[in-house]
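So you can see what is in the structure, the chains are spelled out below.
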Amino acid sequence: MINRFLIFLLFLNCIFSKKTILDKFYLHSLAIEDSFPVVELFVGPSDPNLAPKVKLKLIIDTGSNLSFVRKDLLPSLGMKQSIESKIISGATKMEVEVVSLGLEDSGRKRIINSNFYLFNYKKNFPYDGVVGNDILSNFKLYLDFPDYIHFSKKLDIDKKYQMFELNQNIDSHLVLPVTINNKRFEFILDTGAGVSFLNEDSILKDDLKHLSTREYYTFTGEVKTGKTYLADSICMNMTLCTQNVEIMSGVSLGDFFGRENIQINGLLGVNLLKNYKIWIDYSEKKIYVRKP
């Protein structure tokens, strides 16, 4: 009788522990492909009776204000909407179809139901879409490259983390000040950028050393090439600095938001972010950063 009771308690403990973990985190194995953080999620109509879920390879992109999925993966629903997507070349207005989809993790636990915009990516683009800030902002996002991304309902930080305030006037993107070679700039935290980026005029002013030429994907999935340069250091503050950082240039993000009082100088890409553990608190507009 005692043994049966102990087994029953152990069974209850296992159920409770599992439920607690799943309520707190949605855990995804992470691969860095082409310098992108990529996760595989099961995606399908919000109503599970309409069609079965399919496994898609999606980029986690904090540099995109919206979420997109390949148009050829889903039937045309005839629901069109005018949107403005802000990308590295500026704001792009377009009319696209919108569909409500459900996202499930590898354990087939529902993460969220949300709108995705159907987009005609280039055929050779090896990904099925991006998860942008319209979805990510529903969670506390934890970035631990190159191993994990967590979608959480609450923060899990210790005293080793340092807090940074994001720009309070911008809702669609994560904007914070950084210093490059001891000069202050406003950067977007962009996990959709494999390489960090700095405006062309800033490259010329600082006479940065040309490093190489490398390929990158545009918003449409097209492959282009750009010049990269070497920054001696990129710092979030005096103690969180990364030395000898490769940065790309070629265009200007100065009018990215179309507002005179907000000038964007560049992007913090994965090649820098992978050096830290980062919590993003969208609701409080704060990020927490620590060294591994």
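Structure report, in brief. Quick caveat, the model's predicted, so the values are computed rather than measured.

**Considerations on the overall build of the protein**
Turning to step 1, where the next piece is worked out: Of regular secondary structure, the protein possesses four helices and 21 strands.
Turning to step 2, where the next piece is worked out: The buried share of the protein, reckoned over its 292 residues, is 50%.
Turning to step 3, where the next piece is worked out: In the protein, of all internal contacts separated by at least 6 residues, the share reaching a separation of at least 24 is 62%.
Turning to step 4, where the next piece is worked out: Surface summary for the protein: the accessible area is close to 15,100 Å², and the carbon and sulfur share equals 52%.

**Here we look at the state of the cysteines**
Turning to step 1, where the next piece is worked out: Throughout the structure, instances matching the rule amount to one disulfide.
Turning to step 2, where the next piece is worked out: The disulfide bridge from Cys-235 ends at Cys-241, spanning 2.0 Å between sulfur atoms. Looking down the S-S bond of the Cys-235 and Cys-241 bridge, the torsion is 115°, so its handedness is right-handed.

**Regarding the pattern of salt bridges**
Turning to step 1, where the next piece is worked out: Counted by the stated rule, this structure contains eight salt bridges.
Turning to step 2, where the next piece is worked out: For Asp-158, the salt bridge goes to Arg-290, with nearest N and O atoms at 3.3 Å. With Asp-158 in the loop between strand E11 (148–152) and strand E12 (162–165) and Arg-290 in strand E21 (residues 286–290), this pair connects stretches of sequence that are 132 residues apart.
Turning to step 3, where the next piece is worked out: For Arg-290, a relative accessible area of 14% corresponds to the buried category.

**Regarding the packing of aromatic side chains**
Turning to step 1, where the next piece is worked out: Scanning the model with the defined rule gives 11 aromatic pairs in all.
Turning to step 2, where the next piece is worked out: Relative to Phe-119, the ring of Phe-68 lies with its centre 5.9 Å away and its plane at 70°, an arrangement referred to as edge-to-face. Residue Phe-68 is found in strand E5 (residues 68–70), and its partner Phe-119 is found in strand E8 (residues 110–119); the two are separated by 51 residues along the sequence. Just as Phe-68 is buried, Phe-119 falls in that class too.
Turning to step 3, where the next piece is worked out: The ring of Tyr-161 carries the charged tip of Arg-290 above its face, separated from the ring centre by 5.7 Å.

**Structural notes on the nonpolar core**
Turning to step 1, where the next piece is worked out: Ranked by internal contacts, the top residues of the largest apolar core, which has 52 residues, are Ile-234, Ile-247, Leu-268 and Ile-280.
Turning to step 2, where the next piece is worked out: When residues of this core are assigned to their parent elements, the largest contribution, four residues, is made by E8.
Turning to step 3, where the next piece is worked out: Counting 15 residues, the second-largest nonpolar core is a separate cluster that includes Phe-68, Val-98, Tyr-121 and Phe-125.

**Description of the environment of Pro-126**
Turning to step 1, where the next piece is worked out: Within the secondary structure layout, Pro-126 lies in the loop between E8 and strand E9 (129–131).
Turning to step 2, where the next piece is worked out: Overall, the relative accessible area of 38% leaves Pro-126 in the partly exposed class.
Turning to step 3, where the next piece is worked out: Separated by 68 residues in sequence, Pro-126 and Leu-58 place their C-alpha atoms 9.7 Å apart.

**Structural notes on empty space enclosed by the protein**
Turning to step 1, where the next piece is worked out: Within the structure shown, the criterion is met by one cavity of 30 Å³ or more.
Turning to step 2, where the next piece is worked out: Estimates place the volume of the largest cavity at around 40 Å³.
Turning to step 3, where the next piece is worked out: In terms of lining, the largest cavity is formed by Val-43, Gly-44, Val-54, Leu-56, Leu-73, Leu-74 and Leu-101.
Turning to step 4, where the next piece is worked out: Those elements that place two or more of their residues in the lining of the largest cavity are strand E3 (36–45) and strand E4 (54–60).
Turning to step 5, where the next piece is worked out: Grouping the constituent residues of the lining of the largest cavity by class yields six nonpolar, one polar and no charged.

**Comments concerning the pairing of E21**
Turning to step 1, where the next piece is worked out: Counting buried positions along E21 gives four out of five residues, so the element sits mostly inside the fold.
Turning to step 2, where the next piece is worked out: Pairing analysis gives four bridges linking E12 to E21, with the strands arranged antiparallel. Within E21, the position partnered with Gln-162 by the bridge is Val-289.
Turning to step 3, where the next piece is worked out: Summarising the sheet, strand E20 (residues 277–281) and E21 pair through five bridges and their orientation is antiparallel.

**A closer look at the environment of Phe-185**
Turning to step 1, where the next piece is worked out: Among the structural elements, Phe-185 can be located in strand E14 (residues 183–189).
Turning to step 2, where the next piece is worked out: Between the alpha carbons of Phe-185 and Asn-265 there is a distance of 5.9 Å; along the sequence they are 80 residues apart.

**As for the side chain of Asn-199**
Turning to step 1, where the next piece is worked out: With respect to the element layout, Asn-199 can be found in the loop between strand E15 (196–198) and helix H3 (200–206).
Turning to step 2, where the next piece is worked out: Take Asn-199: its relative accessible area is 2%, and that puts it in the buried class.
Turning to step 3, where the next piece is worked out: Here Ile-264 takes part through its backbone oxygen, which lies 3.0 Å from a polar atom of the side chain of Asn-199.

**Concerning the side chain of Asp-105**
Turning to step 1, where the next piece is worked out: By secondary structure assignment, the location of Asp-105 is in the loop between strand E7 (90–104) and E8.
Turning to step 2, where the next piece is worked out: For Asp-105, the side chain forms a polar contact with the main-chain nitrogen of Lys-109, separated by 2.9 Å.

**As for the environment of Leu-136**
Turning to step 1, where the next piece is worked out: Note that Leu-136 resides in helix H2 (residues 133–136).
Turning to step 2, where the next piece is worked out: A relative accessible area of 0% means that Leu-136 is categorised as buried.
Turning to step 3, where the next piece is worked out: For Leu-136 and Ile-60, which are 76 residues apart along the polypeptide, the C-alpha to C-alpha distance reads 8.5 Å.
Turning to step 4, where the next piece is worked out: Beyond its immediate stretch of four places on either side in the chain, Leu-136 contacts Ile-60, Asp-61, Thr-62, Val-131, Leu-141, Phe-151 and Tyr-282.

The rules behind each value
- Residues numbered from 1 in each chain as written.
- Predicted model: local features only at pLDDT ≥ 70, side-chain atom pairs only at ≥ 80, totals over all residues.
- Heavy atoms only, no water.
- Helix = DSSP H or I, 4+ residues; strand = E, 2+ residues; numbered from the N terminus.
- Buried < 20%, exposed > 50% of the residue type's maximum accessible area, 1.4 Å probe, protein only.
- Contact = heavy atoms within 4.5 Å.
- Areas by Shrake-Rupley, 256 points an atom, 1.4 Å probe, with all protein chains shown as cover.
- Disulfide = S-S within 2.5 Å.
- Salt bridge = Lys/Arg side-chain N within 4 Å of Asp/Glu carboxyl O.
- Phe/Tyr/Trp six-rings, centres within 6.5 Å; stacked < 30°, edge-to-face > 60°.
- Lys NZ or Arg CZ within 6 Å of the ring centre and 35° of its normal.
- Core = buried A, V, L, I, M, F, W, Y, C linked by side-chain atoms within 4.5 Å.
- 1 Å grid on protein atoms, 1.4 Å probe; cavity = no way out; pocket = protein on both sides within 12 Å on 5 of 7 lines; lining within 4 Å.
- Points joined across faces, edges and corners; volume = space filled by probe spheres on them.
- Nonpolar A, V, L, I, M, F, W, Y, C, P; charged D, E, K, R; others polar.
- Pairing = 2+ DSSP bridges.
- Polar contact = N/O pair within 3.5 Å; in protein donor to acceptor, adjacent residues only side chain to side chain.

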